[in-house]
Amino acid sequence: MELQGKRIVLGVTGGIAAYKAAELVRLLGKQGAEVQVAMTEAAMHFVTPTTFQALSGRPVFTDQWDARMPNAMAHIDLSRQADCIVVAPASADFLARAAHGFADGLLATMVLARDCPLLVAPAMNRQMWESPATQRNVAQLAADGVAILGPACGEQACGEVGAGRMLEPEEIVEEVVAFFAPKVLAGRRVLITAGPTFEAIDPVRGITNLSSGRMGYAVARAARHAGAEVTLVSGPVGIPAPQGVDRIDVLGALDMHAAVMARAQAADIFIGVAAVADYRVANAAGHKLKKDEGGIPPVELIENPDILAEVAALTDGPFCVGFAAESHNLEEYAQAKRRRKNIPLIAGNLIQDGFGSDDNRLVLFDDTGAHPLTPAPKSVLARQLVEHIAKLTGAA
Ligand code: PMT
């Protein structure tokens, strides 16, 4: 429920993507938002107000002169109650009107009269999107502080391929959630490791661990929501990259080490959430080991580089944050790791809480002592960790 209590006016304009706005209403509601739909005349050629009324549980407004408004000022009253207006799909016509301050219909007038942020998700044919007029209008809206969500590239309803597809409803919801997050890491470059590493024994077998990547991915998402430019170096996991995050896939600790060291100097903050294998196989076979090759093959282990400690040792390196998963003595072991790796902050969790699940129990350890966080979903804890980092780095 990441939009709990938010009041959102959803403007729907005329375009084939209008049918996806129905799903958007549903998803925004699922995240706890109260959605008030306003449609243009053209939108009603694609979807009926009844669809949106049923999904939002509220009457839909389509007309500036709607008699249901006692003061006949729907354009004022609807936006005054809103935390933001989202227009999805936003047609080329709507963008032009909004960019030029037209007030010739309920939605355009409401947008002009608003005292809340405006987010638009353009949707149109690729030539319409690329036309100099649309590009001028979009640039003007962006300069006026309007958030432009997308558009995406791909196959279009008209059969052409290119930029102009509306973002998917899930992606728009993600952008709305990000929009409301305090920008405590605005402009910071954050490098994060997540997931397990896989240390090959032969081309198909290896040594790994039970890290799902959930904690690291949640931290990456929270940092991006906080306004950071995020690079996520990820071991093998089965979850999609958070939207707007640059993900680099790696397999073994050596790959992870190389990917991190190539980027660490340029980062402002490094957060090591990955469960990196301490050892790799020194005698990994280049071919699949056969059972009948002669007894149990010996596996020789060799120590992996400590990525976090190396980043922490860089001159003018990033602010470093570690994670520690322990089965007991959390404070003692986590603080010892923090001191050994010479890092200002470490997040401790017990292995039974941290690995694999959606929720976690974190204790943050820094120079001022222990800061236990209330057990919560990893997304919530990640936000709190990001806020703590912002405080320690003087960003918030
Ligand atoms: O992925 P999930 O299922 O959501 O699980 C999350 C988690 C339990 C993996 C995560 O919350 C966590 O605790 N990660 C750290 C696991 C751990 O105990 O790591 P460690 O003690 O081996 O290392 C301590 C720190 O040094 C970590 O920040 C680690 O990323 C880093 N490290 C360790 C070894 C190494 N060779 N290089 C490193 O950078």
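These numbers were taken from a predicted model, which means no experiment stands behind them. (Residues numbered from 1 in each chain as written. Predicted model: local features only at pLDDT ≥ 70, side-chain atom pairs only at ≥ 80, totals over all residues. Heavy atoms only, no water.)

## Some points on the pattern of salt bridges
And then number 1: Within the structure shown, the criterion is met by 21 salt bridges.
And then number 2: Residue Asp115 is joined to Arg80 by a salt bridge in which the shortest nitrogen-to-oxygen separation is 3.7 Å. Here Arg80 lies in helix 3 (residues 74-80) and Asp115 lies in the loop between helix 5 (106-113) and strand 4 (118-122), a separation of 35 residues in the sequence.
And then number 3: Its relative accessible area of 54% is what places Asp115 among the exposed residues.
And then number 4: Judged by its relative accessible area of 39%, Arg80 is partly exposed.
And then number 5: Salt-bridge contacts for Arg189 lead to Asp268; the nearest nitrogen and oxygen are separated by 3.6 Å. One end of the pair, Arg189, is in strand 8 (residues 189-194); the other, Asp268, is in the loop between helix 10 (253-264) and strand 13 (269-272), with 79 residues separating them in the sequence.
And then number 6: Owing to a relative accessible area of 26%, Asp268 belongs among the partly exposed residues under this scheme. (Salt bridge = Lys/Arg side-chain N within 4 Å of Asp/Glu carboxyl O. Helix = DSSP H or I, 4+ residues; strand = E, 2+ residues; numbered from the N terminus. Buried < 20%, exposed > 50% of the residue type's maximum accessible area, 1.4 Å probe, protein only.)

## A word on the packing of helix 1 (residues 18-30) against helix 2 (residues 49-56)
And then number 1: Put simply, helix 1 and helix 2 touch, their axes get as near as 9 Å, and they point 15° apart. One element, helix 1, and the other, helix 2, form an angle in the roughly parallel class. At the point where helix 1 passes helix 2, the crossing takes the right-handed sense. On helix 2, the residues touching Ala18, Ala21, Ala22, Val25 and Arg26 of helix 1 are Thr51, Phe52, Leu55 and Ser56. (Axes fitted to C-alpha atoms, helices over the stretch in contact; angles between N-to-C directions. Parallel < 35°, antiparallel > 145°, perpendicular 65-115°, else oblique. Left-handed = near helix turned anticlockwise from the far one by under 90°. Contact = heavy atoms within 4.5 Å.)

## Observations regarding the environment of Glu171
And then number 1: As for its placement among the helices and strands, Glu171 is situated in helix 8 (residues 169-180).
And then number 2: A relative accessible area of 28% means that Glu171 is categorised as partly exposed.
And then number 3: Between the C-alpha atom of Glu171 and that of Val86, which follows or precedes it by 85 residues, the distance is 13 Å.
And then number 4: Here the side chain of Glu171 touches Glu168 through a polar contact of 2.8 Å, landing on its backbone nitrogen. (Polar contact = N/O pair within 3.5 Å; in protein donor to acceptor, adjacent residues only side chain to side chain.)

## Observations concerning the domain arrangement of the chain
And then number 1: We note that the domain assignment places domain 1 (7-180) and domain 2 (189-393) within the chain.
And then number 2: Computed over C-alpha atoms only, the centres of domain 1 and domain 2 are separated by 40 Å.
And then number 3: With 5 residues of domain 1 at the interface, the matching set in domain 2 holds 4 residues.
And then number 4: For the domain 1 face of the interface with domain 2, the top three residues by lost area are Glu174, Glu175 and Ala178, together amounting to 78%.
And then number 5: Here Glu174 ties to Arg221 by a salt bridge, and the two come within 2.8 Å at their closest N and O atoms.
And then number 6: Scanning the region where domain 1 abuts domain 2 turns up 5 residue pairs in polar contact (both at pLDDT 80 or more).
And then number 7: Along the lines of polarity and charge, the residues of the side of domain 1 that touches domain 2 split into 2 nonpolar, no polar and 3 charged. (Domains from an automatic or database assignment. Buried area = accessible area lost by both parts, 1.4 Å probe. Nonpolar A, V, L, I, M, F, W, Y, C, P; charged D, E, K, R; others polar.)

## Considering the packing of helix 9 (residues 214-225) against helix 14 (residues 378-392)
And then number 1: Put simply, helix 9 and helix 14 touch, their axes get as near as 8 Å, and they point 55° apart. Overall, the two elements helix 9 and helix 14 adopt an arrangement that is oblique. The interaxial crossing formed by helix 9 with helix 14 has right-handed handedness. The segment helix 9 lies against helix 14, with Arg214, Met215, Ala218, Val219, Arg221, Ala222 and Ala223 engaging Lys378, Ser379, Leu381, Ala382, Arg383, Leu385 and Val386.

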